[in-house]
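Here are the chains, one letter per residue:
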Amino acid sequence: MELTTGLARVEERIDRACAAAGRARDEVTLVVVSKTYPAEDVRILAELGVRQFAENRDQEAAPKAEACADLPLTWHFVGQLQTNKVRSVLGYADYVHSVDRVRLVSALSAEAVRRERAPLECLIQVALEKESGLGGGRGGVAPDGVGELAEALLAAPGVRPAGVMTVAPLEGAYAGSPGAAFERLAEISRDLRTLDPAATMVSAGMSADVEEAIAAGATHVRVGSAVLGVRPALG
Ligand SMILES: *Cc1c(COP(=O)(O)O)cnc(C)c1O
């Protein structure tokens, strides 16, 4: 698919969803998920005005970000993050959307302090299926674990709680109901903001459910295939 067309279609979907929800267009940021696509595609999208990109695997993201280091881009890390990858990820990412355990907070904090960088923007990834006792192997914390992670992020130097992130569950009570899932995330976001009013980011919505996410208050939508085309199977 032509990137110009893909991007225009997604921008139009975001425009319409904002209008339908009575929200200003600038309340929603499009983050393009460039995983599996080459740096050349990032470059083309940058020429078209995209500045926010996301990746989910450090092995792929690190060389891609390096290849685009001359461009004024912001990188978001959205995949499950092992502590042994933290050093590499902080070499390019300004946002980590997948903070889901205190041990990871400690590792991010130590590396951010070592780099003497601006506070790392950390989003707490919520796994709503864990409310139904499911999703053990996937990333994300159960909703009742968000408070502890927020406290850890507030207490640790070099990091700050920026908000919450979720992926619409494929199983459990919210399976097939992304709108309901994102409404639940909005509630969790409100609770988080009673602890830290500055933690305003709500990262929700992918190619299939951008509209539901924006209706529920998402501030950042993470869109890959609807902009770039269907990904080749991961091999
Ligand atoms: C791949 C990915 C996306 C984008 O998914 P699409 O369906 O291609 O839009 C968003 N968020 C995360 C965490 C992802 O891994």
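Residues numbered from 1 in each chain as written. Predicted model: local features only at pLDDT ≥ 70, side-chain atom pairs only at ≥ 80, totals over all residues. Heavy atoms only, no water.

K.L.:
What exactly am I supposed to notice about the overall build of the protein here?
P.N.:
In terms of regular secondary structure, the protein is built from 9 helices and 8 strands. For the protein, the spread of C-alpha atoms along the three principal axes comes to 45 × 40 × 35 Å. Relative to its 235 residues, the protein shows a buried fraction of 51%. Put simply, of all contacts in the protein between residues at least 6 apart along the chain, 59% involve residues at least 24 apart. Of the roughly 10400 Å² that the protein leaves accessible, carbon and sulfur atoms contribute 51%. Across the protein, the centroid of the 25 positively charged side chains sits 3 Å from that of the 32 negatively charged ones. (Helix = DSSP H or I, 4+ residues; strand = E, 2+ residues; numbered from the N terminus. Buried < 20%, exposed > 50% of the residue type's maximum accessible area, 1.4 Å probe, protein only. Contact = heavy atoms within 4.5 Å. Areas by Shrake-Rupley, 256 points an atom, 1.4 Å probe, with all protein chains shown as cover. Lys, Arg positive; Asp, Glu negative; His and termini not counted. Charge placed at Lys NZ, Arg CZ, Asp CG, Glu CD.)

K.L.:
What exactly am I supposed to notice about the side chain of arginine 23 here?
P.N.:
Locating arginine 23 in the fold gives a position in the loop between helix 1 (3-21) and strand 1 (29-33). Note on arginine 23: relative accessible area 14%, which makes it buried. Polar side-chain contacts of arginine 23 include one of 2.9 Å to the backbone oxygen of alanine 218. Sequence-distant contacts of arginine 23, defined by excluding residues within four places in its chain, comprise Cys18, Val28, Ile214, Gly217, Ala218 and Thr219. (Polar contact = N/O pair within 3.5 Å; in protein donor to acceptor, adjacent residues only side chain to side chain.)

K.L.:
Any chance you could explain the site of the ligand here in plain terms?
P.N.:
Neighbouring the ligand are Val33, Lys35, Asn56, Val78, Met165, Met206, Ser207, Arg222, Val223, Gly224, Ser225 and Arg231. Between the ligand and arginine 222, the relevant distance is 2.9 Å, taken from a nitrogen atom to a side-chain nitrogen or oxygen of the residue. One of the backbone N or O atoms of serine 225 is found 2.8 Å from an oxygen atom in the ligand. Computed on the free molecule, the ligand has an accessible area of 390 Å², of which 88% lies beneath the protein chains in the complex. Its residues assigned to classes, the shell around the ligand shows 5 nonpolar, 4 polar and 3 charged. (Near = heavy atom within 4 Å. Nonpolar A, V, L, I, M, F, W, Y, C, P; charged D, E, K, R; others polar.)

K.L.:
Whenever I open this one, the packing of aromatic side chains confuses me. Can you help?
P.N.:
Where two aromatic rings form a pair, the distance of their centres and the angle of their planes describe that pair. In total, this model carries 1 aromatic pair according to the counting rule given. Measuring from ring centre to ring centre gives 5.7 Å for phenylalanine 53 and tryptophan 75, while their planes differ by 35°; the resulting arrangement is tilted. Here the residue phenylalanine 53 occupies a position in strand 2 (residues 52-55), and tryptophan 75 occupies one in strand 3 (residues 74-77), the gap between them amounting to 22 residues. Considered together, phenylalanine 53 and tryptophan 75 belong to a single accessibility category, that of buried residues. (Phe/Tyr/Trp six-rings, centres within 6.5 Å; stacked < 30°, edge-to-face > 60°.)

K.L.:
Which parts of the structure should I look at to understand the side chain of histidine 97?
P.N.:
When you line up the elements, histidine 97 lands in strand 4 (residues 93-99). A polar contact of 2.8 Å, which involves the side chain of histidine 97, links it to the side chain of histidine 76. Here serine 203 takes part through its side chain, which lies 2.9 Å from a polar atom of the side chain of histidine 97. Those residues within four positions of histidine 97 in sequence are excluded, and the remaining contacts are His76, Phe77, Val78, Leu123, Ile124, Gln125, Met165, Met201, Ser203 and Arg222.

K.L.:
Even after reading the chapter, I still don't get the packing of helix 6 (residues 146-155) against helix 7 (residues 178-195), so can you show me in this structure?
P.N.:
For any two helices packed against each other, the geometry is given by the interaxial angle and the distance between the axes. It is the contact of helix 6 with helix 7, at a shortest axis distance of 10 Å, that shows an interaxial angle of 35°. In this structure, helix 6 meets helix 7 at a crossing whose hand is right-handed. Of helix 7, the residues touching helix 6 (which contributes Val146, Gly147, Ala150, Glu151 and Leu154) are Ile188, Leu192 and Leu195. In terms of residue class, the contact of helix 6 with helix 7 is built from 6 nonpolar, 1 polar and 1 charged. (Axes fitted to C-alpha atoms, helices over the stretch in contact; angles between N-to-C directions. Left-handed = near helix turned anticlockwise from the far one by under 90°.)

K.L.:
Got a minute to help me understand the environment of alanine 162 in this structure?
P.N.:
When you line up the elements, alanine 162 lands in strand 6 (residues 159-165). By relative accessible area, which is 1% here, alanine 162 ends up buried. With residues up to four places along the chain from it excluded, the contact list for alanine 162 reads Glu121, Cys122, Leu123, Ala198, Ala199, Thr200 and Met201.

K.L.:
Got a minute to help me understand the pattern of salt bridges in this structure?
P.N.:
If charged atoms from side chains of opposite charge come close, those side chains can pair. What the rule picks out here adds up to 17 salt bridges. The salt bridge involving arginine 23 is made with glutamate 27; its shortest N-O contact spans 3.1 Å. Close ionic contact of aspartate 70 with arginine 43 constitutes a salt bridge, the shortest N to O distance being 2.8 Å. Separated by 27 residues along the polypeptide, aspartate 70 in the loop between helix 3 (58-67) and strand 3 and arginine 43 in helix 2 (residues 39-47) bring together distant segments of the chain. (Salt bridge = Lys/Arg side-chain N within 4 Å of Asp/Glu carboxyl O.)

K.L.:
So what exactly am I meant to see when it comes to the pairing of strand 1 here?
P.N.:
The element strand 1 is largely enclosed, with a buried count of 4 among its 5 residues. The parallel pair strand 1 and strand 2, bridged by helix 2, forms a crossover whose chirality is right-handed. (Right-handed = clockwise from strand over helix to strand, strands pointing away.)

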